[in-house]
Amino acid sequence: MPYIVTGDQTSPAGKQDYSRYNYDYDYPMDLDLKPGSKFHDALVSKILTRANESRAEISKRFDSWRTIDKILTTYVTPEDQEVILQRKEPKKPISIVFPYSYSMLEALLTYLSMAFFQDPMFQYEGVEADDTVGAMLLELVIRVHCLKTKVPLALHTVLRDSLSYGIGVGIPEWQTQYGKVPIRSEVFTGSDLGTTRATQVDFINDMIFEGNSLTNIDPYMFLPDPAVSSIDVQKGEFVGWLDRSNIMNMLSEESQPDSGCLNVKYLKHKANKTSSLMLDQSSRQDKFGGTSLQRQMSQTTNPVDNIKMYINLIPKDWGLSDYEYPQKWFFRLSADDVITACEPADHNHGLYPIAVASPEFDGYSMTPIGRMEILYGLQHTLDFLFNSHITNVRKAINDMLIVDPYLVNINDLQNPEPGKLIRLRRPAWGRGVDKVVQQLAVQDITRLNISDSAYITQWMDRISGADQSMQGAIRQGGPERLTKSEFQGTRGSAVSRLQRIAMLIGMQFMQDIGTMFAVHAQQYMTREAHIKITGRYEQQLIQTFNTGRASVSPHDIAINYDVIVRDGSIPGGNFSEAWIQLFNIIGSNEMLIQQFDVVKLFTYIAQQLGAKNVEDFKRVQQTQMPDQDILSQAQAGNLVPLGGM
C-alpha cells in the first residue's frame, strides 16, 4: 500500500517492556511483529542501522545549511554591546543580514513557479491510437487532483529547498477524505386531494474525495542511501525520512480497513515517544519572531516521531517470506521502538514513491551544494560592508568631546537633553568658553562601503543568474541610457540560464511525480471522477462527449501514456518581436497567406505572450443559406423561427 494520509516502566537499556501487554493483533503473513519479540527487535535494529548511517552522512551538510537559514532573514542575534544599546535607544540600528540573497531567491522562485505552475501542471499523451482520449481524460483528472490537494504549495517548498540546500524532496500520496455527503430523494405523499411531491435531503457518511497529493520533506529529516547521488535515489537500497505525527491520528489510521497500520496501541504505554534522530538542527527558529515545526515535545498532546523507510530487500533473508529476489518493503518505526507498518510496497510503477529536485547536481554527490550556498561568501562580505558603515555612523552621530574637568561641570555636560545649560566651574569664570570644550574630529572611513556594496551585488547577480531585470529593477549607473536591445539581450540571457535550471528540475522531479500520479490514479481510483472539459483538448473532448463536463471511470484511464516534460520556459519568456514582424509580413502577402495558417500563427503568438484564453475570442462559425433552402428546411421541421421557439 502507498503512504496514505488519512506511569511507565522501561528496561535498563531504555526500551519499553511490552511483555505484559497483549492486544492480539492479526499480523500480516503470520509474522511475529509483537513489540519485544526477537523478530520484531531484529527488524527495528536493521531499520535504525540504516537510518543512523544516512543521518551521519547527511548531517555533514547541516552547518552549511544553517548558514543559509540565517542569511535568508534580516535578523541576527545581536552582540552584548548591541543588546545594551538597543535597551537604551531602541530606535538606533544594529547589525542585520542585508536581504540581497533573499531577493535573488525570490526572483529564482518566481521564474520556477511560472514555469511549473502552468495549467495543467502535468501533461500526458497516449502511446497508441486507442489511448488518445484516455490520455486526455487522465490529464484532466490529474489536474483536478492538483487543484483539490493544493499541489503547487508543496511544490513551491520543494523548489525553495532545492535552491537553498541543493536538494528538494517530495513524496506523492494517494489521499482519501471522508465526510457527510448530501443525498437527494423524492418523497410522494398521497391524499384525497391528490399526490404531492417533496424533495428531501439526507446526509450520509461517505467518501468526499480521493486523489493524488504531494508532500514535501524537510531536507534536515531526509534519510537517503549514502551510496547513491542525489539524482539516483531510485537506485539506492533504501530511502527514508523522519516525520512527526500524534497518537490520535495514528489510532484513527489504524481503525481504517486496509490501512496497513499496526501496533499503535502499544505506544500508549510509552511515555517518551521521541526519536533520537528527530532533532531540530536547523536555524530557522533564529528568525525574528519565527518558530520551527520540529520543536520540543508538547506536554498537552501526544506527538509520535516516526522513521518511514522503503527498503529494497530479499524477503527470505529478512524472514519476511520465502521470496528469494529483491522486493521493496515499507516500514514505519515509531518512537525508535515499535514497528507500526510492515508491508510490501505494491505500487505498479515499481519505484520508491519519492522524487528529488537537485538543480546544482554534479552527478556524484548525495547532497550537492545549493545556489544560495554559492553566494554565501559574497553575502557575508556584503553584510560586513553594510553593518560596519552603520556602526561607524552610529559612533559618529554621538558627540565626542575633549573636556577639561577642572573648568566644566561634568554633570551638566553629560545631560543628553536638548536646550541644556552647561555651567563653568569657578576657576573658569571670566575667561571665556572657547577653550573649555572641544569637539574631537571624526572621520567616516566607511563612507565608500555603500558604493562598494554595489559591486558585490553585481557579482551576485552574475553568479546567480537572477539579474536586476529578473528582480523587477532596471540597471542603474552609467551616463548612457539603457537601450531596448540591451535590455532584451540581457534579459534573454538571464532567462536562458533560468530555463536550464527549470529543465533539469522538470526531468529530475516533475517527470517522476507526473508518472507516479498517473500510476496511482490508475491503481487506486475506485470511483468515477467528474471533470470540466477545458484546456488544450477542449475541442476534441467536447466533440466526443457533446458536453462541457464528463464522468471518468477507472477503466477510461487504463491506457498507455507518455509524460510530457515541460521545457522550462515561461509564457513570454523567450518571445521575440520577430514573430510579430513575421505575422505582419505574412498578413500582407497573398502568396504567404495561402501557404500559412494566419489564425494558428496569431494564436501561437498570443499564447507565447501569456494569453490563456485565446479560444474565447474566436467567432462562432455562421453559415448562410439561400432563402429557398431555409423555407424547405423549415417545412421539414429542421429550422424553427425565433417567434415559434
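Given the structure is predicted, the values throughout are model-derived calculations rather than measurements. (Residues numbered from 1 in each chain as written. Predicted model: local features only at pLDDT ≥ 70, side-chain atom pairs only at ≥ 80, totals over all residues. Heavy atoms only, no water.)

### Things to note about the sheet that holds strand E7 (residues 327–334)
Spatially, E4-E5-E6-E7-E8 is the arrangement adopted by the 5 strands of the open sheet, whose pairing is antiparallel. At either end of the open sheet lies a strand with only one pairing partner, and these are strand E4 (222–224) and strand E8 (338–344). For this sheet, the mean inter-axis angle between neighbouring strands, taken without regard to orientation, is 20°. Contacts from helix H1 (residues 38–58) reach E4, strand E5 (238–246), strand E6 (303–313), E7 and E8 within the one sheet, and its direction differs from that of E6 by about 95°. (Pairing = 2+ DSSP bridges. Helix = DSSP H or I, 4+ residues; strand = E, 2+ residues; numbered from the N terminus. Axes fitted to C-alpha atoms, helices over the stretch in contact; angles between N-to-C directions. Contact = heavy atoms within 4.5 Å.)

### So, the packing of aromatic side chains
Applying the stated criterion across every chain yields a total of 19 aromatic pairs. Here the aromatic rings of Phe62 and Tyr220 are separated by 5.0 Å at their centres, their planes lie at 50°, and the arrangement is tilted. Of this pair, Phe62 sits in helix H2 (residues 62–71) while Tyr220 sits in the loop between strand E3 (194–217) and E4, and the two are 158 residues apart along the sequence. Given a relative accessible area of 1%, Phe62 falls into the buried group. (Phe/Tyr/Trp six-rings, centres within 6.5 Å; stacked < 30°, edge-to-face > 60°. Buried < 20%, exposed > 50% of the residue type's maximum accessible area, 1.4 Å probe, protein only.)

### Notes on the packing of helix H4 (residues 100–116) against helix H6 (residues 151–164)
It is the contact of H4 with H6, at a shortest axis distance of 10 Å, that shows an interaxial angle of 135°. By the angle between their axes, H4 is oblique relative to H6. As for how H4 packs across H6, the hand of that crossing is right-handed. Of the residues in H6, those touching H4 at Leu105, Leu108, Leu109, Leu112, Ser113 and Phe116 are Leu155, His156, Leu159, Arg160, Leu163 and Ser164. Taken together, the residues of the contact of H4 with H6 sort by class into 8 nonpolar, 3 polar and 1 charged. (Parallel < 35°, antiparallel > 145°, perpendicular 65-115°, else oblique. Left-handed = near helix turned anticlockwise from the far one by under 90°. Nonpolar A, V, L, I, M, F, W, Y, C, P; charged D, E, K, R; others polar.)

### Focus: a nonpolar patch on the surface
A cluster of nonpolar side chains, Ile369, Ile374, Tyr455, Trp459 and Ile463, forms an exposed patch at the surface whose accessible area comes to about 510 Å². Ranked by the residues each element gives to the nonpolar patch, the list is headed by helix H12 (residues 449–464), at 3 residues. Tracing the backbone shows Ile369 in the loop between strand E9 (355–357) and helix H9 (371–374). Of the residues examined, Ile369 reaches a relative accessible area of 41% and is grouped as partly exposed. (Patch = residues over 30% accessible without salt bridge, like charges linked within 9 Å, V, L, I, M, F, W, Y side chains within 5 Å. Areas by Shrake-Rupley, 256 points an atom, 1.4 Å probe, with all protein chains shown as cover. Salt bridge = Lys/Arg side-chain N within 4 Å of Asp/Glu carboxyl O.)

### Quick word on the nonpolar core
Judged by nonpolar contacts, the single largest core of 68 residues is most densely connected at Leu112, Phe116, Phe122, Tyr124, Leu138, Phe509 and Phe517. When residues of this core are assigned to their parent elements, the largest contribution, 13 residues, is made by helix H13 (residues 484–524). With residues near it in sequence (within four places) discarded, Phe517 still touches Phe122, Tyr124, Ile142, Cys146, Val151, Pro172, Asn212, Ser213 and Leu214. With 38 residues, the next largest nonpolar core counts Tyr21, Ala51, Leu277 and Val304 among its residues. (Core = buried A, V, L, I, M, F, W, Y, C linked by side-chain atoms within 4.5 Å.)

### Some details on the packing of helix H5 (residues 132–148) against helix H14 (residues 538–545)
Axes are the key here: two packed helices are described by the angle between their axes and the distance separating the axes. H14 packs onto H5 with a crossing angle of 110° between their chain directions and a minimal axis gap of 11 Å. Relative to H14, the element H5 is oriented roughly perpendicular. Seen from above, H5 lies across H14 with left-handed handedness. On H14, the residues touching Val133, Met136, Leu137 and Leu140 of H5 are Gln540, Leu541 and Phe545.

### Examining the confidence of the model for the protein chain
Looking at the protein chain, pLDDT values average 82 and 80% of them are 70 or higher. No element of the protein chain has a lower mean pLDDT than helix H3 (residues 80–88), which averages 67, and none a higher one than E9, which averages 97. The low-confidence segment residues 1–13 (pLDDT under 50) makes 35 contacts with residues lying over four places distant or belonging to another chain. (pLDDT = per-residue confidence, 0-100.)

### Some remarks on the pairing of E8
For E8, the buried fraction is high: 6 of the 7 residues fall into the buried class. Bridge count for E7 against E8 is 6 bridges, and the pairing is antiparallel. Within E8, the position partnered with Leu333 by the bridge is Ile339. Remark: 3 residues form the turn of the hairpin made by E7 and E8, two consecutive strands paired antiparallel; Ala335 in that turn has positive phi of roughly 55°.

### A closer look at H4
Structurally, the α-helix is built with 3.6 residues per turn, so residues lying three or four positions apart point the same way. The end-to-end C-alpha distance of H4, which contains 17 residues, comes to 25 Å, matching closely the 24 Å that a straight helix rising 1.5 Å per residue would cover. A large share of H4 lies buried, amounting to 12 of its 17 residues. (Expected span 1.5 Å × (residues − 1).)

### Topic: the side chain of Ser259
With respect to the element layout, Ser259 can be found in the loop between helix H7 (247–255) and E6. Here Ser259 falls in the buried class, since its relative accessible area comes to 17%. At 3.2 Å, the side chain of Ser259 forms a polar contact with the backbone oxygen of Gln256. With sequence-adjacent residues up to four places away left out, Ser259 is seen in contact with Glu253 and Glu254. (Polar contact = N/O pair within 3.5 Å; in protein donor to acceptor, adjacent residues only side chain to side chain.)

### Notes on the side chain of Gln379
Turning to its location among the elements, Gln379 is positioned in helix H10 (residues 376–396). Look at Gln379 and you get buried, because its relative accessible area is 0%. A polar atom in the side chain of Gln379 sits 2.7 Å from the side chain of Ser101. With residues near it in sequence (within four places) discarded, Gln379 still touches Ile71, Val97, Phe98, Tyr100, Ser101 and Met460.

### Re unusual backbone geometry
Going from Asp119 to Pro120, the amide bond is cis rather than trans, its omega being 0°. Along the polypeptide, Pro120 turns up in the loop between H4 and strand E1 (123–126). Backbone geometry at Met29 places phi at a positive 55°, although glycine is not the residue there. As for its position among the elements, Met29 is in the segment before H1. Classification of Met29 by relative accessible area gives partly exposed; the value is 44%.

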